Amino acid sequence: MYKIATIGSHSALQIFKGAHDEGFKTIAICKKGSEKPYKMFNSADEIISLKSYKDFPKIQDKLIKENAIVIPHGSFVTYMGYEEVEKLKVDYYGNKKILKWESDRYLERQWLRNAGLKVPTLFKQPKDIDKPVIVKFMGAEGGKGYFLAKDEKDFNKKIKPYKLRKYILQEYIIGVPLFIHYFYSSLTNEIEIMGCDIRYESNVDSLGRISARDQLVFPKIDPSYVIVGNIPVVVRESFLPRLIDMGEKVVKASQKLAPPGLFGPFCLETVLTPEEEIFVFEISARIVAGTNPYVEGSPYTALKYNKPMSTGRRIAIELKNAIKGKKLGKVLG
Ligand code: AMP
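## Observations concerning the overall build of the chain
Looking only at helices and strands, one finds 12 helices and 14 strands in the chain. What you see for the chain is a C-alpha radius of gyration of 20 Å, in line with the 20 Å of a compact globule of 333 residues. Overall, the chain is about 60 × 45 × 35 Å in size when its C-alpha atoms are taken along their principal axes. For the chain, the residues scored as buried account for 50% of the 333 residues in total. Total accessible area on the chain is roughly 16700 Å²; 54% of this is exposed by carbon and sulfur atoms. Side chains of the chain carry 53 positive and 39 negative charges; the gap between the two charge centres is 4 Å.

In C-alpha cells:
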C-alpha cells in the first residue's frame, strides 16, 4: 500500500486530509519543533523529525521502504532547492523537469510568453526604468524586501541596503492581484479550476487602513509583500472562459519546454486591471497555499464534485486512479 509524504509546512495539512479521505496513510517530515499541528489535526500517521530540511535526502531510503509518494509544495521546493529535488530517488508526484522553469524568473517569463499570456514589462537596467517598477529579489522569500521605484534615481537610493542581492525590475501593475488555482490531469488530459484567492500581505494590505495624512506620521513607510494568509475569492463569472483558456495555454506551452509538461496542481499569479487586462507575473508549478481555505472544497469544486474536494484530495484521487489503472508512471516525475 502506498503512503503519502510531504514536508510539514505550507499546504501539508490539506494534502494529508485529502490523502486520508482517499484511504492513504500519511508521513509528515517536520523540522524539529514544528510537529505540533500535524499531531493536533490528526494529520500524520507518522512523523519524521529532521534537524534541517536539507537532511531530507538522508531519509529517502526509509521513505522508499515505506512505499511513500512525495507531494511537493511551495516550501518543499524552497527549502530543498530545485536541483536537490531533481536528484530525489523516492517516488515524486509531478514533473520535476518543470521546476527549473518556475524557479528562474527569466525562464518562467519565457514560458508564460510562449503560452501567449500578457506579462509585465521587465527592465534590463535601472537606467531603462520609465514607469513604476517593483524590485524583486531572486529566490522566493515571500516578498521580503521588495520595493517600488519610480525611476533610476529612486532605485539607486532604495537598493542601498540590498547591494549584493540579485534582483529583477518588473513593471508595477495597478489592479487586483488574483491567484488562480488549476489542476491538470495527465491521466484524462483535462483541466479544472479548483479555486481562486487573494493574498493578505504585510504591510501593503494594511496601508489602506491608514489615511495618507497619517501615513506621513511615519518617518519612512515602504510597502512590503510578506505573505500572512490567503482569502478566498470567487471571480466574476464572465472572466472564467479567459481563465480556463490561460490554464490550457500554459499546460500546452510546457509540453514543448519540458516534456511531458506540467501536470497536477498549479497556479497563475495575476493582476487584473480596471481595463480587464490580465497580467501574469508568476506561475507556481505545484500546489499553492492559496488552496488552503478550501479544505472542504471551493465553490468551483462544489459545482463539479458531489463531495468536498480540496486540491489535496484531488491529488490523492489522481494517485489512486493511477495506481488502479497501473499508470503510476504517468504521474510520477
Ligand atoms: P511574488 O513574490 O512575485 O509572488 O510577489 C509578491 C507580491 O507582490 C504579490 O502577491 C503582489 O501583491 C505583488 N506583485 C508582484 N508582482 C507585481 C506586479 N508586477 N505588479 C503589481 N504587484 C505585484
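## A closer look at the site of the ligand
Looking at the ligand, there are 16 residues lining it, with Lys136, Tyr146, Ile173, Glu201 and Glu282 nearest. Here an oxygen atom of the ligand and a side-chain polar atom of Arg199 are 3.4 Å apart. At 2.4 Å, a side-chain N or O of Glu282 approaches an oxygen atom of the ligand. Protein chains shield 94% of the accessible area of the ligand, which is 480 Å² for the free molecule.

## Re the packing of aromatic side chains
Considering all chains together, one arrives at 12 aromatic pairs under this definition. On the basis of an interplanar angle of 70° and a centroid distance of 6.0 Å, the ring pair of Tyr93 and Phe263 is categorised as edge-to-face. Taken together, the positions of Tyr93 in the loop between β5 (91-92) and α6 (99-103) and Phe263 in the loop between α10 (240-257) and β13 (264-272) put the pair 170 residues apart, joining distant regions of the chain. Across the pair, exposure class does not vary: Tyr93 and Phe263 are buried alike. Measuring from ring centre to ring centre gives 6.2 Å for Phe147 and Phe155, while their planes differ by 35°; the resulting arrangement is tilted. Given the relative accessible area of 4%, Phe147 is considered buried. Classification of Phe155 as buried rests on a relative accessible area of 2%. Through successive ring pairs, a cluster of aromatic residues spans Phe137, Phe147, Phe155, Tyr162 and Tyr167. A cation over an aromatic ring shows up here: Lys96 above the ring of Tyr92, its NZ or CZ 5.3 Å from the ring centre. The ring centre of Phe239 lies 4.6 Å from the NZ or CZ of Arg236, which sits over that ring.

## Quick word on a nonpolar patch on the surface
On the surface, a nonpolar cluster with roughly 320 Å² of combined accessible area is contributed by Leu13, Met40 and Phe41. Mapped onto the elements of the fold, Leu13 is located in helix α1 (residues 12-21).

## What about the sheet that holds strand β4 (residues 68-70)?
Across the sheet, which stays open at both edges, the five strands sit in the order β3-β2-β1-β4-β5 with parallel pairing between neighbours. Single-partner strands in this sheet number two, and they are β3 (46-50) and β5. The pairing of strand β2 (residues 25-31) with β3 spans five bridges and is parallel. From the neighbouring strand, Ile29 faces β3, where its bridge partner is Ile48.

## A short note on the domain arrangement of the chain
The assigned domain composition of the chain is domain 1 (3-92), domain 2 (102-118 + 174-324) and domain 3 (122-171). Spacing between the C-alpha centres of domain 1 and domain 3 amounts to 35 Å.

## Remarks on a positive patch on the surface
The grouping of Lys150, Lys153, Lys157, Lys160 and Lys163 at the surface amounts to a positive patch. By secondary structure assignment, the location of Lys157 is in helix α8 (residues 152-158). On the basis of relative accessibility, which here comes to 57%, the residue Lys157 falls in the exposed class.

The rules behind the values
- Residues numbered from 1 in each chain as written.
- Predicted model: local features only at pLDDT ≥ 70, side-chain atom pairs only at ≥ 80, totals over all residues.
- Heavy atoms only, no water.
- Helix = DSSP H or I, 4+ residues; strand = E, 2+ residues; numbered from the N terminus.
- Rg over C-alpha atoms; globule rule 2.2 N^0.38 Å.
- Buried < 20%, exposed > 50% of the residue type's maximum accessible area, 1.4 Å probe, protein only.
- Areas by Shrake-Rupley, 256 points an atom, 1.4 Å probe, with all protein chains shown as cover.
- Lys, Arg positive; Asp, Glu negative; His and termini not counted.
- Charge placed at Lys NZ, Arg CZ, Asp CG, Glu CD.
- Near = heavy atom within 4 Å.
- Polar contact = N/O pair within 3.5 Å; in protein donor to acceptor, adjacent residues only side chain to side chain.
- Phe/Tyr/Trp six-rings, centres within 6.5 Å; stacked < 30°, edge-to-face > 60°.
- Lys NZ or Arg CZ within 6 Å of the ring centre and 35° of its normal.
- Patch = residues over 30% accessible without salt bridge, like charges linked within 9 Å, V, L, I, M, F, W, Y side chains within 5 Å.
- Salt bridge = Lys/Arg side-chain N within 4 Å of Asp/Glu carboxyl O.
- Pairing = 2+ DSSP bridges.
- Domains from an automatic or database assignment.

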